[in-house]
Amino acid sequence: IEWYGYDGTDLSTLAAYLQVEVDDGSPQAGGIGTAFVFRQMPGGDTTAAAETMRISAAGHVGIGGDPGAYTLKVDAGSGDGLFWLEGGTTAASLYFENSQAGSTWQIGKSSDMGTSDDFGFRVEGSVKMVITDGGIVGIGNDGSAGFATGADNLVVGDGANHEGMTIFTGNS
């Protein structure tokens, strides 16, 4: 599938196309693995359309490059940002799961991780660490009870409203 866009002069510039190619080291009669390759011309540039995304025969997705053995691989190139995640009004998180071990991890924001602008780390359903929008780090503390207003605090344990470096003992 090819797309030719009007470049101010004519409609003869190949700006983007979807290509299907063999993605199989040993194709057999009646069975050929294929990859979908998306190619686009960068905006404001006259270079030829280059590969921007690929879906391999194994279902692996590569954005900005070939995914290889990874299920998802994002190659940022020379830009500042690699990934932007935007959630709803109460959550924006990355979730990780090991289905064999039944383990889950969450990094980001949800309504039970501190206050509205705090960032948290959850392991196996419980919040293990919170970083507040004021720079306070709570380890073993979900931040729900609040922290003191002093800046650059580190609170280890399940206490609340403490300043400076506070380490609570006797907790598992």
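Residues numbered from 1 in each chain as written. Predicted model: local features only at pLDDT ≥ 70, side-chain atom pairs only at ≥ 80, totals over all residues. Heavy atoms only, no water.

Draft legend 1. Representation of the overall build of the protein within the structure. Looking only at helices and strands, the protein features 0 helices and 13 strands. Starting at the N terminus and ending at the C terminus, the protein contains elements arranged as β-β-β-β-β-β-β-β-β-β-β-β-β. Across the 172 residues of the protein, 22% fall into the buried class. Considering only residue pairs separated by 6 or more positions, the protein has 6% of its internal contacts joining residues 24 or more positions apart. Accessible surface, the protein as shown: approximately 11300 Å² in total, 55% of it carbon and sulfur. (Helix = DSSP H or I, 4+ residues; strand = E, 2+ residues; numbered from the N terminus. Buried < 20%, exposed > 50% of the residue type's maximum accessible area, 1.4 Å probe, protein only. Contact = heavy atoms within 4.5 Å. Areas by Shrake-Rupley, 256 points an atom, 1.4 Å probe, with all protein chains shown as cover.)

Draft legend 2. The arrangement of the side chain of Gln-106 in detail. Looking at where Gln-106 falls in the secondary structure, it is placed in strand S8 (residues 103-109). Residue classification places Gln-106 among the buried residues on the basis of a relative accessible area of 4%. Here Tyr-95 takes part through its side chain, which lies 3.2 Å from a polar atom of the side chain of Gln-106. Polar side-chain contacts of Gln-106 include one of 2.5 Å to the side chain of Arg-122. Leaving out residues up to four positions away in the same chain, Gln-106 has contacts with Ser-93, Leu-94, Tyr-95, Met-113, Gly-120, Phe-121 and Arg-122. (Polar contact = N/O pair within 3.5 Å; in protein donor to acceptor, adjacent residues only side chain to side chain.)

Draft legend 3. Spatial organisation of the pattern of salt bridges. A full pass over the atoms with the stated rule returns 2 salt bridges. Of the charged contacts, one joins Glu-51 and Arg-54 as a salt bridge, the two residues approaching to 2.9 Å between their closest N and O atoms. Judged by its relative accessible area of 9%, Arg-54 falls in the buried class. Through salt bridges with shared partners, one network takes in Glu-21, Glu-51 and Arg-54. (Salt bridge = Lys/Arg side-chain N within 4 Å of Asp/Glu carboxyl O.)

Draft legend 4. Main features of the sheet that holds strand S4 (residues 50-55). What the 6 strands build is an open sheet, ordered S1-S2-S3-S4-S5-S6; its pairing is mixed. In this open sheet, the two edge strands, each paired with only one partner strand, are strand S1 (2-5) and strand S6 (72-74). Strand-to-strand twist across the sheet, computed as the mean angle between neighbouring axes with direction ignored, equals 15°. (Pairing = 2+ DSSP bridges. Axes fitted to C-alpha atoms, helices over the stretch in contact; angles between N-to-C directions.)

Draft legend 5. The pairing of S4, seen in detail. Strand direction decides the pairing type here: strand S3 (residues 34-40) and S4, joined by 5 bridges, are antiparallel. Bridging across to S4, Val-37 finds its partner in Arg-54. As paired strands, S4 and strand S5 (residues 61-63) are joined by 3 bridges and run antiparallel to one another. Within S5, the residue paired with Arg-54 across the bridge is Gly-62. Taking the residues that link successive antiparallel strands as the turn, the S4-S5 hairpin has 5 residues, and the phi of Gly-59 there is positive, at about 85°.

Draft legend 6. Here's a closer look at the packing of aromatic side chains. Applying the stated criterion to the full structure yields 1 aromatic pair. When the ring of Phe-119 is compared with that of Phe-121, the centres are 5.4 Å apart and the planes differ by 80°; the resulting orientation is edge-to-face. (Phe/Tyr/Trp six-rings, centres within 6.5 Å; stacked < 30°, edge-to-face > 60°.)

Draft legend 7. Molecular detail of a nonpolar patch on the surface. Among the surface-exposed residues, Ile-63, Leu-72 and Val-74 lie close enough to one another that they form a single nonpolar patch of about 230 Å² accessible area. Note that Ile-63 resides in strand S5. According to the relative accessible area criterion, Ile-63 is partly exposed, its value standing at 36%. (Patch = residues over 30% accessible without salt bridge, like charges linked within 9 Å, V, L, I, M, F, W, Y side chains within 5 Å.)

Draft legend 8. Expanded view of the pairing of strand S10 (residues 126-131). As paired strands, strand S9 (residues 119-123) and S10 are joined by 5 bridges and run antiparallel to one another. Paired with Gly-120 across the strands is Val-130, a residue of S10. Connecting S9 to the next strand, S10, in antiparallel fashion are 2 residues, including Glu-124 with a positive phi near 50°. Direction of pairing for S10 relative to strand S11 (residues 137-139): antiparallel, over a ladder of 3 bridges. Of the residues in S11, the one forming a bridge with Met-129 is Ile-139. With antiparallel pairing between neighbouring strands as the criterion, S10 and S11 make up a hairpin whose turn holds 5 residues, including Gly-135 at a positive phi of roughly 95°.

Functional significance is not addressed by these values, which are geometric in nature.
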